[in-house]
Amino acid sequence: MTRPRGDTLAGAALLVLAVAVAFEARGFRVEFLTDPVGPRAFPWLAALLLGTAGVALLARPAAAAVVWPRVGGWRRLTLATVSFLAYAALLAPLGFVLATTLEVTLLSRAFGGRPWRSVLAAAAFSATLYLAFVYGLALSLPTGTLFTAWSR
Amino acid sequence: MDAILHLADGFAFALQPINLFLAVAGVVIGTVVGLLPGIGPINAIAILIPITFAAGIAPASALILLAGIYYGSQYGNSISTILLNVPGTASAVVTALDGYAMTRQGRAGPALASAAVASFAGGTLSIFGLALLAPALARWAIRFGPAEYFALMLFAFAALSSLAGRHLAKGIAATAFGLLLGTVGLDPHSAVPRFTFGQLKLLDGLDFVVVTIGLFAVSEVLLLLEQTGPGRAAVTSVGRVFMSARELSHTAWTMVRGSVIGFVVGVLPGAGGTIASFVAYAAEERVAGAHGSFGQGDIRGVAAPEAANNAAATGAMIPLLTLGVPGSGTTAVMLGALLGMNVTPGPLLIERSPEIFWGLAASMYIGNLVLLMLNLPLVGIFVRILKLPRWFLFPAVAALSFVAVYAVNNTAFDIVLMAGFGVVGYAMRKTGFPLAPVILALVLGPLMETNLRRALALSGGEWGILFSSPLAVALWALAAASVGLPAVLRRRAAALPPPIGPASE
């Protein structure tokens, strides 16, 4: 790709973020006087720094080019990100073991694992994690509301 | 001299067979638990403390077990940081920079060995500091008011600016981003919700584990997905298992400096271990100058923060035991254990019941020693993790990340946040932004803001209070010097004809 694109993009993103932060922070207000600094000062400081850095990057983008992924790479990245969100949504209804098995299988396939090996490894690993965390460390992981609804 | 005698008594107690056994058990359990990403020492101890009491172990022996768990989980954490780039605590974040770079170069063995040796060195040197300086340091630490804390944190940020190398703007942006993330949630001073966008789940703020695992582990998985090939092992060679004599002598002074910095910073209640590891790393990079390859797998970049981190843990005992102020989550849990023993920490503890103070010091030291003896021989086994095929290892890292993030608040919302930070981390790494300052700012930002606001509330809005004590002025000067000096040195180095050493980035 063209040379300065990464820094230019980043600089623009920082500027947008800075403006958004400064705008949102306007409303942080308190009415009493014991706090001379107030809740607005720190967010505004952050916005100021973000904006300054953004301007600096736009003004003098580094010469180093960013190597963006190729088409297949973009596809895998999008798939993985969407699958994380789907995992978050399915965790409660499907329960930890089933949701994690599905997610890990998908990722294993994306990393080039063979179908059956991926499924088996994913199932075994998810079950191990569940046992280790729930019985070993006494943390609670979702069992799956779908199944408890059925069994009732 | 008294101190040495009491310390000897402490050791005599800690070396009884049952206590030694507990130390070993603690280190083993801690290492295994600490290996899990996001489950740092605090979680490990908090989870295991009820078990300790349930087992009916004598309180003093329980402390030894806890010390073992503490060091074990700290080291387990270093293992997943170095091998998989998944730091579980804020203080391990700097270790990831060079530790993971070494792993990618096939030098995971020396990196792990150096972490173990440096941790031991930090623990050893700081115990002497504790024995000799405890009372004096307690008096010094008490003089740290809000203004001094503010200046100290500013110094930590300034020291960190060197990590950004030539991309100062990117380092500042990363720090500002972390400060911003630190303000999310209900403002503790005014109860104004900030950047919560009506989300109740954001009122408590962003948890450090969620942000760190997103920025580091998830972005790593995304980066690896982008350039994937079938069935290869994660790292083709794991190389030597131990450090060479040259690496050991190369890092000896690094460990000493890291220990001193760690101990002194650790005495201050607050985010001692985190500031200590960042400052030690930055200091070491300054010392190395053009001869270092920091950020690209310099073994000193592993040794310095690991030594500092452990030394800070010892230093943190001083405010804990003399002021009753726990300086970190871990010492807070230790305080709980002490109170369970009917020991109330305070200024008179060292004088009235020296055996507790020195017993605890000795048990922490034994935990440290057992860690070295147990884990050094096992480094060869740990690095085998990297021999697992990519299609299994990286999805497994992702699954572990999900568990760790979910366990923080038991909510799937955190997994959505984690995915978001994963994408942000990916973009930051692609465009050359450093990740470590985000975490430091996220952890220190709220403390910095609190101290600033407290200082100004004390002075009634008079900004002069920030420069009112010699200590504060000295810290401001240090901060200014750590930003200004490298620029001057760089200009001078640029004036000389041939620049040696690898270019940064």
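Predicted, not measured: the structure shown is a model, and the values here were computed from it.

Turning next to the overall build of chain A. Per the secondary structure count, chain A includes 6 helices and 0 strands. Reading the secondary structure of chain A in the N-to-C direction produces α-α-α-α-α-α. For a compact globule of 152 residues, the expected C-alpha radius of gyration is about 15 Å, and chain A comes in at 24 Å, more than 25% above that figure. Structurally, chain A occupies a C-alpha span of about 55 × 50 × 25 Å along its principal axes. Each of the 152 residues in chain A was classed as buried or not, and the buried ones make up 32%. In chain A, of all internal contacts separated by at least 6 residues, the share reaching a separation of at least 24 is 62%.

What follows is about the overall build of chain B. Regarding its fold elements, chain B presents 21 helices and 2 strands. The buried share of chain B, reckoned over its 505 residues, is 58%. In chain B, of all internal contacts separated by at least 6 residues, the share reaching a separation of at least 24 is 81%.

Another aspect to go through is the interface of chain B and chain A. Opposite the 52 residues of chain B that make contact, chain A presents 57 residues. Elements represented by at least two residues in the side of chain B that touches chain A include exactly helix H8 (168-183), helix H9 (208-226), helix H18 (390-409), helix H19 (413-430) and helix H20 (436-459) of chain B. Taken together, the residues that form the side of chain B that touches chain A break down as 32 nonpolar, 12 polar and 8 charged.

All right, on to the packing of helix H11 (residues 272-288) of chain B against helix H12 (residues 300-315) of chain B then. Residue and element names in this part refer to chain B. Close contact between H11 and H12 brings their axes to 8 Å; oriented N to C, the two are set at 145°. Crossing handedness for the pair H11 and H12: right-handed. Counting all contacts with H11, which are made through Gly272, Gly273, Ala276, Ser277, Ala280, Tyr281, Glu284 and Ala288, the residues of H12 involved are Arg300, Gly301, Ala304, Pro305, Ala307, Ala308, Asn309, Ala312, Ala313 and Gly315. Taken together, the residues that form the contact of H11 with H12 break down as 10 nonpolar, 6 polar and 2 charged.

Here the focus is unusual backbone geometry. All names here are of chain B. We note that Asn85 has phi near 65°; this positive angle belongs to a residue other than glycine. Looking at where Asn85 falls in the secondary structure, it is placed in the loop between helix H4 (59-84) and helix H5 (93-104). Given 23 C-beta atoms within 10 Å, Asn85 falls into the buried group. Positive phi, normally seen in glycine, also occurs at Phe195, with a value near 50°. Structurally, Phe195 is set in the loop between strand S2 (193-194) and H9. Judged by the 19 C-beta atoms lying within 10 Å of it, Phe195 falls in the partly exposed class.

All names here are of chain B. In the contact formed by H9 and H20, the axes pass within 11 Å of each other and the chain directions differ by 175°. Taken together, the axis directions place H9 and H20 in an arrangement best described as roughly antiparallel. Facing H9, whose interface residues are Phe208, Val211, Thr212 and Leu215, H20 presents Val438, Ile439, Leu442 and Val443. Considered class by class, the residues forming the contact of H9 with H20 number 7 nonpolar, 1 polar and no charged.

Confidence along chain A averages 84 in pLDDT terms, with 90% of residues attaining 70 or more. Ranking the helices and strands of chain A by mean pLDDT puts helix H4 (residues 96-110) of chain A first, with 93, and helix H6 (residues 145-151) of chain A last, with 72.

What follows is about the environment of Ala86 of chain A. Residue and element names in this part refer to chain A. Position of Ala86 among the secondary structure elements: in helix H3 (residues 71-94). For Ala86, a count of 15 C-beta atoms within 10 Å puts it in the partly exposed group. Considered as a pair, Ala86 and Glu103 are 17 residues apart in the sequence and their alpha carbons are 8.8 Å apart.

Here we come to helix H16 (residues 354-375) of chain B. With 22 residues, H16 of chain B should reach 32 Å at 1.5 Å per residue; the first-to-last C-alpha distance of 31 Å fits that figure. Taken across its 22 residues, H16 of chain B has 16 buried, putting it largely inside the fold.

Residue and element names in this part refer to chain B. The predicted model of chain B has a mean per-residue pLDDT of 79, with 83% of residues at 70 or higher. Averaged pLDDT values for the elements of chain B fall to 67 in helix H3 (residues 41-54) and rise to 92 in H19. On the interface metric, ipTM, the complex scores 0.90, and its pTM is 0.80.

This part takes up H3 of chain A. Quick reminder: α-helices carry 3.6 residues per turn. Residues three or four places apart thus point the same way. All names here are of chain A. Taking 1.5 Å of rise per residue, the 24 residues of H3 would be expected to cover 34 Å, and the 32 Å separating its terminal C-alpha atoms lies within 8% of that figure. Those residues of H3 not exposed but buried are Arg76, Ala80, Phe84, Tyr87, Ala88, Leu90, Leu91 and Leu94. Of the residues trailing H3, Gly95 is marked for its positive phi of about 90°.

So, about the nonpolar core. Counting 199 residues, the largest nonpolar core has Leu50 of chain A together with Leu112, Ala156, Val279 and Ala361 of chain B as its most contacted members. No other element matches helix H6 (residues 108-141) of chain B, which puts 15 residues into this core. In contact with Leu50 of chain A, not counting residues within four places along its chain, are Leu14, Leu17, Ala18 and Val21 of chain A together with Ala173, Ala176 and Phe177 of chain B.

Before going further, it helps to spend a moment on the environment of Tyr130 of chain A. All names here are of chain A. Checked against the element boundaries, Tyr130 lands in helix H5 (residues 115-136). By the C-beta count within 10 Å, which is 18 here, Tyr130 ends up partly exposed. Here the alpha-carbon distance between Tyr130 and Pro142, two residues 12 residues apart in the chain, equals 9.5 Å. Beyond its immediate sequence surroundings of up to four residues, Tyr130 is in contact with Phe96, Val97 and Leu141.

All names here are of chain B. Tracing the sequence through the fold places Pro470 in helix H21 (residues 470-495). Accessibility expressed as a C-beta count within 10 Å gives 10 for Pro470, which makes it exposed. Sequence separation between Pro470 and Glu148 is 322 residues, and the spatial gap between their C-alpha atoms is 9.4 Å.

Reading guide: rules and limits
- Residues numbered from 1 in each chain as written.
- Chains lettered and ligands numbered in written order.
- Predicted model: local features only at pLDDT ≥ 70, side-chain atom pairs only at ≥ 80, totals over all residues.
- Helix = DSSP H or I, 4+ residues; strand = E, 2+ residues; numbered from the N terminus.
- Rg over C-alpha atoms; globule rule 2.2 N^0.38 Å.
- Buried ≥ 20, exposed ≤ 12 C-beta atoms within 10 Å, placed from the backbone.
- Contact = placed C-beta atoms within 7 Å.
- Nonpolar A, V, L, I, M, F, W, Y, C, P; charged D, E, K, R; others polar.
- Axes fitted to C-alpha atoms, helices over the stretch in contact; angles between N-to-C directions.
- Left-handed = near helix turned anticlockwise from the far one by under 90°.
- Parallel < 35°, antiparallel > 145°, perpendicular 65-115°, else oblique.
- pLDDT = per-residue confidence, 0-100.
- Expected span 1.5 Å × (residues − 1).
- Core = buried A, V, L, I, M, F, W, Y, C linked by C-beta atoms within 7 Å.

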